[in-house]
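# Structural description and commentary
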Amino acid sequence: MEPAQDLRELLSWYVEVGADEAIGEVPVNRYRAPTRVGSPAPASTPTQASSPPPSASFTSPTNSIPPPSALPSSLTSTDNVTKSAREMAAAAMDLAALAEALANFDGCALRGTATNLVFADGNPGSQVMIIGEAPGADEDRQGRPFVGLAGQLLDRMLATIGLDRSSTYISNILPWRPPGNRKPTPNEVTICLPFLRRHIELVNPKILVLVGGISAQALLGASQGITRLRGRWHDYTGAGAGSDNAGPIPAMPIFHPAYLLRKPGMKREAWRDLREIRRRLDDLGGA
Ligand code: URA
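Not measured: the values here are computed from a predicted model.

### Considering the pattern of salt bridges
In the structure shown here, the tally under the stated rule is twelve salt bridges. Between Arg 165 and Asp 155 there is a salt bridge whose closest N-O contact spans 3.0 Å. Of this pair, Arg 165 sits in the loop between helix 7 (149-160) and strand 3 (168-172) while Asp 155 is found in helix 7, placing the two residues ten residues apart along the sequence. On the basis of relative accessibility, which here comes to 31%, the residue Asp 155 falls in the partly exposed class. For Glu 188, the salt bridge goes to Arg 182, with nearest N and O atoms at 2.7 Å. Note on Glu 188: relative accessible area 11%, which makes it buried.

### Comments concerning the packing of helix 7 against helix 12 (residues 267-284)
Between helix 7 and helix 12, whose axes approach to 10 Å, the crossing angle comes to 50 degrees. The angle between the axes of helix 7 and helix 12 places the two elements in the oblique class. Relative to helix 12, helix 7 is oriented so that their crossing is right-handed. Residue-level contacts link Leu 153, Met 157 and Thr 160 of helix 7 to Lys 267, Ala 270, Trp 271 and Leu 274 of helix 12. When the residues that make up the contact of helix 7 with helix 12 are grouped by side-chain class, the tally is five nonpolar, one polar and one charged.

### Looking at the site of the ligand
Taken together, Gly 132, Glu 133, Ala 134, Glu 139, Pro 145, Phe 146, Asn 172 and His 256 form the complete shell of residues around the ligand. Here an oxygen atom of the ligand and a backbone polar atom of Glu 133 are 2.7 Å apart. The backbone of Ala 134 places a nitrogen or oxygen atom 3.1 Å from a nitrogen atom of the ligand. With the chains in place, 92% of the 240 Å² that the ligand exposes on its own is no longer accessible.

Rules of the game
- Throughout, residues of each chain are indexed from 1 in the direction in which the sequence is written.
- pLDDT decides what is reported in this predicted model: residues at 70 or higher carry local features, side-chain atom pairs at 80 or more are listed and counted, and totals for whole chains, interfaces and linings draw on all residues regardless.
- Note: side-chain values were computed over all heavy atoms of the structure, leaving out hydrogens and water.
- By definition, a salt bridge exists where a carboxyl oxygen of Asp or Glu is found within 4 Å of a side-chain nitrogen of Lys or Arg.
- In this text, helices come from DSSP runs of H or I with a minimum length of four residues, and strands from runs of E with a minimum of two, each type numbered from the N-terminal end.
- For the exposure calls, accessible area comes from a 1.4 Å probe over protein chains only, and a residue counts as buried if that area is under 20% of its type's maximum, exposed if over 50%, partly exposed in between.
- Only the contacting stretch of a helix is used when fitting its axis, a line to C-alpha atoms as for every element, and angles between N-to-C directions run 0 to 180 degrees.
- Angle categories: roughly parallel below 35 degrees, roughly antiparallel above 145, roughly perpendicular from 65 to 115, and oblique for all the rest.
- For any helix crossing, the convention is left-handed if the near helix is rotated counterclockwise from the far helix by under a right angle, and right-handed if that rotation is clockwise.
- It only takes one pair of heavy atoms within 4.5 Å for two residues to be counted as in contact.
- Charged means Asp, Glu, Lys or Arg here, nonpolar means Ala, Val, Leu, Ile, Met, Phe, Trp, Tyr, Cys or Pro, and polar covers whatever is left, Gly included.
- What makes a residue near a molecule or strand is one non-hydrogen atom of that residue sitting within 4 Å of it.
- Two N or O atoms count as a polar contact when they lie within 3.5 Å, although within protein this holds only if one can serve as hydrogen donor and the other as acceptor, and sequence-adjacent residues are included solely when both atoms are side-chain atoms.
- We get accessible surface area from the Shrake-Rupley algorithm with a probe of 1.4 Å; when it comes to residues, only the shown protein chains can shield them.

Read these as geometric descriptors, not functional statements.
Here it is in structure tokens:
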């Protein structure tokens, strides 16, 4: 087989298994023998010799944090990082300040691998706030939630009950894309949750729509899967001490559109849940 064809096949295999982002700024030759302390470094391979030096202009603002091993020890435990997230989030008095606080927050390593912060989309004055899991590749590129294939299906689902991005407000549990679209880790969710709780407080929606199991579990503190949680109203009681929000917010978990793309047979259930959301909105007299 031609080497070029080999490389093409290897590349498409990488994409298939989700390794579709270059995380390092220069290639790493993992075949090179490790350098022993005290011995001269082996000669560079041609690839390394021709690699460009890391360029400052290549580094986006979101990629400028040090790796976790270089973080000060006061910031390395999840408790300390979460505490600092809570303090930064609580100090944000409006959505612009919250977005800025997140952009400056260096406690989540995902910020270092993502291209953009994905804060929110839609109308912050609407009655319905929709919360997904985490940005994918398209969202990471554009800096907006739910713009890929799953987002297009979400838009069509919302349209069936007369909603769109001007009558809803959309965000995610995580504001940065996990590399290769892997599932968010519990640690990442814990660290980022104070910002989302503050986000919900500031928007103060009448209804929350929790898209997928990760979102429902994180915000309801539930351990059941989405199949158990979906289809009925839950109380989101996120308001912390000092919040102006009165009482819990009704929250409806629904199947994630990415799941519905894989399992179209489940759309019937999703349709029921959407109709229930419409019914509740009609009771509230709006949107
Ligand atoms: N899936 C999500 O949960 N959120 C997005 O923003 C995109 C895909």
